[in-house]
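Structural overview for review
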Amino acid sequence: MDKLEGYYFSALFSGCFLLSSLLFSKVTREQRDPYMDEVFHIPQAQQYCQGHFNQWDPMITTLPGLYLTSVGIVKPAAWLFGWSENVVCSSGMLRFINLLFSLGNLYMFYLILCRIHTKVSALRRILCTFTLYLFPTLYFFTFLYYTDPGSTFFVLFTYLMCLYGNHKSAALLGFCALCFRQTNIIWIVFCAGNLIAEKVMEVWRTQLKKNDEKPSSKKRSLETVDALKFLSRYLLSPLNILTLALLTWPYILLVLCFLGFMIVNGGIVVGDRSNHEACLHFPQLFYFFAFTLVFSFPLFTSMQKMTDFIRSVWRRPLLYGSLACISLFFIWKFTYVHQYLLADNRHFPFYVWKKIFQRHELVKYALVPAYLFAAWSFVDALKTKSILWLLMFFVCIVFATVPQKLMEFRYFILPYLIFKLNTSIPSTSKLLLELALYVTVNVLTFYLFLIKTFRWPDSEETQRFMW
């Protein structure tokens, strides 16, 4: 980081802290009591604040990483500043922990972008960092006591250490990420896969150079086939397997420990499992691609992109026809509708499902062309990545989304952010358009949450719209 870029980032960090603090103050004044899932998280954290570490709410499904971290921060602060017990364990103070995690995420975004995009100008990196910080689905939970900001912070920190080759530190941070949310095991595997893909591609390129071949001169489809053939041959060698195992042993150790936890626990979910049953919900993958298309709208939707997609379909009609048929089959046989999606009108997915998917039985099938375009745009945005990296990332996305029965936008936060961090940073004008989109969505979200409140007929409590 040069001196001028350091000044830019310092100004950005200070501005984000001031902006978020003002908004945090407004949210906390309007909604003082725990709201939604906070009714489980805040009382549990308060139990830990009082030293009752043997008490646990069976409705909570995640490990106690958020509560332990909160106690580890607020207790020393209370001793240092002489705060009373009512202040240190209050809803506002516990929510403030997520504001700190949010600023940590800002720093992680910047460091990862600096590591991956070394040839991009400082201004574009700073602007991209600010845009990711304001990503609406994550930014909203900065102001509530949810696991998302902390979970995202530790996953991003794990990924950063992986990129710098500090794999023992990455595994330790991955353990912290697991304590926030068990499904983060997928992103620990992603870090190991990132390392394996890099190693295998390095060996493959070395072999191609020996044979005087140039992979870049081939078509992408042929390169894909050759890379997969090489991978299958490479993995048949016990010596190569041992090399990869020695390279990724910190992650392997962590995965083995997690498997032991699952055996002892009887599954991945702790506490209430009745509403968190795993299933093969393949349309979740389509929802994720559509989600990505919407939030990357300024980058993906242009006449040139549409023309390139149509040209790609024209050149490979059999491939796209097969993908369309498979998609239709998955939608027909594997669409699940969680009871929360139909019953809770406080969440935005409720209205997405009601206004789009429930209009007609055929709507979910009619969206297949849009899903294909979104998936094509997704892959096209990652065209600078190796085919093995793409394969590994896609497998992680499948495991992160498909087993979830509930259509919940929060499940898409991490795969979306990792996708954005690894795509080429666009021009300043496109970044400004994307930033304008995020700001607009955030303004509407907080307007609905703070101003457009409502009540249920059988309850006196104020209800609010949220992600």
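Residues numbered from 1 in each chain as written. Predicted model: local features only at pLDDT ≥ 70, side-chain atom pairs only at ≥ 80, totals over all residues. Heavy atoms only, no water.

Considerations on the overall build of the chain
Short version of the rule: Helix and strand definitions follow DSSP, with helices as H or I runs of at least four residues and strands as E runs of at least two, each counted in order from the N terminus. The rule is simple: take the accessible area with a 1.4 Å probe, protein chains only, and divide by the maximum for that residue type; under 20% is buried, over 50% is exposed, in between is partly exposed. A contact between two residues is defined here by any heavy atoms of the two lying within 4.5 Å.
Each helix and strand in the chain was counted, giving 24 helices and 2 strands. If one aligns the C-alpha atoms of the chain with their principal axes, the spans along those axes are about 70 × 50 × 50 Å. By residue count, 50% of the 467 residues in the chain fall in the buried class. Relative to all contacts within the chain whose residues are 6 or more apart in sequence, the contacts with residues 24 or more apart total 78%.

Overview of the state of the cysteines
Cut-off, in case you're wondering: Working definition: a disulfide is two cysteine sulfur atoms within 2.5 Å of each other.
Across all of its chains, the model carries 0 disulfides by this definition. Cys114 carries a free sulfur, and the closest cysteine sulfur to it, the one in Cys128, is 10 Å from it. Looking at Cys114, the relative accessible area reads 22%, which means it is partly exposed.

Some points on the pattern of salt bridges
Inclusion rule: Here, a salt bridge means any side-chain nitrogen of Lys or Arg that lies within 4 Å of a carboxyl oxygen of Asp or Glu.
Enumeration over the complete set of coordinates arrives at 11 salt bridges. Between Arg181 and Asp148 there is a salt bridge; the shortest N-O distance is 3.2 Å. In this pair, Arg181 sits in the loop between helix H9 (167-180) and helix H10 (185-210) while Asp148 sits in helix H8 (residues 148-163), placing the two residues 33 residues apart along the sequence. Judged by relative accessible area, which is 15%, Arg181 ranks as buried. For Glu434, the salt bridge identified is with Lys420, shortest N-O distance 2.6 Å. In this pair, Glu434 is assigned in helix H24 (residues 428-450) and Lys420 in helix H23 (residues 413-422), connecting sequence segments 14 residues apart. Taking the relative accessible area as the measure of exposure, Glu434 reaches 2% and is therefore buried. Taken together, the shared-partner salt bridges in this structure form one network comprising Asp37, Asp148, Arg181 and Arg410.

Description of a nonpolar patch on the surface
Operational definition: To count toward a patch, a residue needs a relative accessible area over 30% and no salt bridge; like charges are then connected within 9 Å, while nonpolar side chains (Val, Leu, Ile, Met, Phe, Trp, Tyr) are connected within 5 Å. Residue burial considers only the protein chains on display, and all accessible areas are found by Shrake-Rupley using a 1.4 Å probe.
A contiguous nonpolar patch, built from Trp79, Leu80, Phe81, Trp83 and Val87 and spanning about 620 Å² of accessible area, is present on the exposed surface. It is helix H3 (residues 65-81) that provides the largest number of residues to the nonpolar patch, a total of 3 residues. Mapped onto the elements of the fold, Phe81 is located in helix H3.

Considerations on the environment of Val120
In this structure, Val120 sits in the loop between helix H5 (91-116) and helix H6 (122-133). Spatially, the C-alpha atom of Val120 lies 10.0 Å from that of Ser427, the residues being 307 residues apart in sequence. Among all residues touching Val120, those that are not within four sequence positions of it are Arg125 and Ile425.

With respect to the packing of H8 against H10
Two numbers describe a pair of packed helices, the interaxial angle and the distance between the axes. The line we're drawing: To obtain an axis, a line is fitted to C-alpha atoms, over the contacting stretch when the element is a helix, and the angle between two such axes runs from 0 to 180 degrees between their N-to-C directions. Any angle that falls under 35 degrees is termed roughly parallel, while one over 145 is termed roughly antiparallel, one within 65 to 115 roughly perpendicular, and all others oblique. Left-handed is the label given to a crossing in which the near helix is rotated counterclockwise from the far helix by less than a right angle, and right-handed is the label when the rotation is clockwise. By the convention adopted, Pro, Cys, Tyr, Trp, Phe, Met, Ile, Leu, Val and Ala count as nonpolar, Lys, Arg, Asp and Glu as charged, and the other residues, Gly among them, as polar.
For the pair H8 and H10, the least separation of the axes is 10 Å and the interaxial angle reads 15°. The angle between H8 and H10 places the two elements in the roughly parallel class. Where H8 crosses over H10, the handedness of that crossing is right-handed. The residues of H10 that touch H8, namely those facing Val155, Thr158, Tyr159, Cys162 and Leu163, are Trp187, Phe190, Cys191 and Asn194. When the residues that make up the contact of H8 with H10 are grouped by side-chain class, the tally is 7 nonpolar, 2 polar and no charged.

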